[in-house]
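Take a look at the letters that make up each chain.
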Amino acid sequence: MRTLLEVELDTETANRLITDGTLPKVMGGLMETLKPEAAYFYARDGRRCATFVVDLADEAGIPSLCEPFWLQLSARVKVHPCMNAEELSTGLGRLGRASF
């Protein structure tokens, strides 16, 4: 299941990891584990953020997806199942002519 993972880093924790030089190693390890289809890093509302598009086998994978960000980065994490345009088209095609 394609999943959008939004991560907002805790500023104090990120500052410490940047200062001691370990943030690149932590993020590299997380990227290696996640193997994201896409990864974006940016500032939002004055905080360091990242968005990852990952493949999640099922809902039971959510804890292993989120826990490293909570434990290592004290991050806020949001998880959203998502789809690409082709998958949306397929899903809409399954609606048929149902009355709503």
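Residues numbered from 1 in each chain as written. Predicted model: local features only at pLDDT ≥ 70, side-chain atom pairs only at ≥ 80, totals over all residues. Heavy atoms only, no water.

Give me the state of the cysteines: which residues, what numbers.
Two cysteines joined by a covalent bond between their sulfur atoms form a disulfide. A complete count under the given rule lists zero disulfides for this structure. For the unlinked cysteine cysteine 66, the closest cysteine sulfur is that of cysteine 82, found at 14 Å. Residue cysteine 66 is classed as buried on the basis of its relative accessible area of 2%. (Disulfide = S-S within 2.5 Å. Buried < 20%, exposed > 50% of the residue type's maximum accessible area, 1.4 Å probe, protein only.)

With reference to specific residues and values, describe helix α1 (residues 11–19).
Among the residues of α1, Thr13, Ala14 and Leu17 are the ones counted as buried. End-on view of α1: buried residues confined to an arc of 95°, all on one side of the axis. Facing away from the buried side of α1 by over 90 degrees, the exposed positions are Glu12 and Thr19. Of the surrounding elements, those touching the buried residues of α1 are α2 (23–34), β3 (47–55) and α3 (62–73). The N-cap of α1, judged by a side-chain oxygen 3.4 Å from the amide nitrogen of glutamate 12 a few residues on, is aspartate 10. Just past α1, the residue glycine 21 takes up positive phi, approximately 80°. (Helix = DSSP H or I, 4+ residues; strand = E, 2+ residues; numbered from the N terminus. Arc of directions from axis to C-beta. Contact = heavy atoms within 4.5 Å. Polar contact = N/O pair within 3.5 Å; in protein donor to acceptor, adjacent residues only side chain to side chain.)

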